[in-house]
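Understanding the architecture of this molecule
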Amino acid sequence: MADLKARPRPTGATAVLGRTGFAHVTSATKGELDIVTSPSQPGFNPLDLLYSSLSACLVLSARIAASQMGVLDRITELTAEVTGEKATEGPSRVERFNIVFAIKGDIDEWTRQKIAHAAEEICTVSNTIRGKPEFATEIVG
C-alpha cells in the first residue's frame, strides 16, 4: 500500500458570541459560519458540527482506505450519515454515535466492510472521540 502524506494545513476555530445574536465561528483557514440554537432555524448547531466533523472525516478516510486497497477506481460515491444519542444521565454528552456508511460502486460486501472499518481507524475525529483527549484551557481577559 502506498504511503499517503498529507500536506500540513492550519487547523483550529474561534467562536465569538456577543450578549445577543448568534455565535460566529471562523476557521484557521478563514471559513466562516453562524451557529444556530433554535430547533426551527436552518443551519448548524454545535452537535451538528460534531456529527459533521465525524461524517466528513469518515468519508475522506474511506477514500484513503479504498485507495490503499487499490479499489478507489471502482468507487462512485461514499456517504457517512452520522447521528447520535445524548446521555440521559451524568454530564451532557453524546453517549452513542450512529453511523450509516453507503459505499457505492463495483465492489463486494466484504470490501465495503473493510473500507468502512479502515476508515474508522484512519479518521482523526473518530480516533479522538474514542480516546480521552486532554484539555489545556487558558483564561484571558
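First things first, this report covers the structure right here in the doc. What you see is a predicted model, and the numbers here were worked out from it, not measured in a lab. (Residues numbered from 1 in each chain as written. Predicted model: local features only at pLDDT ≥ 70, side-chain atom pairs only at ≥ 80, totals over all residues. Heavy atoms only, no water.)

1. A look at the packing of aromatic side chains
Inspection of every chain in the model, using the stated rule, returns 1 aromatic pair. Residues Tyr51 and Phe97 carry aromatic rings whose centres are separated by 6.1 Å and whose planes lie at 85° to one another, so their mutual orientation is edge-to-face. Residue Tyr51 is located in helix H1 (residues 46-69), and its partner Phe97 is located in strand E5 (residues 94-105); the two are separated by 46 residues in the primary sequence. (Phe/Tyr/Trp six-rings, centres within 6.5 Å; stacked < 30°, edge-to-face > 60°. Helix = DSSP H or I, 4+ residues; strand = E, 2+ residues; numbered from the N terminus.)

2. Brief notes about the nonpolar core
Ala62, Ala65, Ala66, Val71, Ile75, Leu78, Ile103, Ile107, Ile115, Ala116 and Ala119 form the largest nonpolar core, which has 11 residues in total. When contributions to this core are tallied by element, the ones reaching two or more residues are H1, strand E4 (75-86) and helix H2 (109-122). Core analysis: the second largest hydrophobic core is formed by 8 residues, Cys57, Ala80, Val82 and Val94 among them. (Core = buried A, V, L, I, M, F, W, Y, C linked by side-chain atoms within 4.5 Å. Buried < 20%, exposed > 50% of the residue type's maximum accessible area, 1.4 Å probe, protein only.)

3. Description of the sheet that holds strand E2 (residues 23-27)
Pairing is antiparallel across the open sheet formed by 3 strands, whose spatial order is E1-E2-E3. On the outer flanks of this sheet lie strand E1 (13-16) and strand E3 (32-35), each paired with one strand and no other. Strand-to-strand twist of the sheet, defined as the mean angle between neighbouring strand axes without regard to direction, takes the value 20°. Across 4 bridges, E1 lies against E2 in antiparallel orientation. (Pairing = 2+ DSSP bridges. Axes fitted to C-alpha atoms, helices over the stretch in contact; angles between N-to-C directions.)

4. Quick look at the state of the cysteines
Per the counting criterion, the structure on display carries 1 disulfide. Residue Cys57 pairs covalently with Cys123 via a disulfide, S to S 2.4 Å. As the torsion about the S-S bond is roughly 135°, the Cys57-Cys123 disulfide counts as right-handed. With a gap of 66 residues between them, Cys57 in helix H1 and Cys123 in the loop between H2 and helix H3 (124-130) connect regions that are remote in the sequence. Exposure remark for Cys123: the relative accessible area of 0% places this residue in the buried category. (Disulfide = S-S within 2.5 Å.)

5. With respect to the layout of surface pockets
In this structure, the largest pocket encloses a volume near 630 Å³. Along its surface, the largest pocket is lined by 17 residues, and Ser53, Ala56, Cys57, Leu60 and Val125 are the ones closest to its centre. No other element matches H1, which puts 10 residues into the lining of the largest pocket. Here the residues of the lining of the largest pocket sort into 11 nonpolar, 5 polar and 1 charged. In this structure, the second largest pocket encloses a volume near 420 Å³. Along the walls of the second largest pocket sit 16 residues, with Arg9, Pro10, Thr11, Gly12 and Ser27 positioned nearest its centre. If you tally residues by element for the lining of the second largest pocket, the top one is E2, at 3 residues. For the lining of the second largest pocket, a count of residues per class yields 7 nonpolar, 6 polar and 3 charged. (1 Å grid on protein atoms, 1.4 Å probe; cavity = no way out; pocket = protein on both sides within 12 Å on 5 of 7 lines; lining within 4 Å. Points joined across faces, edges and corners; volume = space filled by probe spheres on them. Nonpolar A, V, L, I, M, F, W, Y, C, P; charged D, E, K, R; others polar.)

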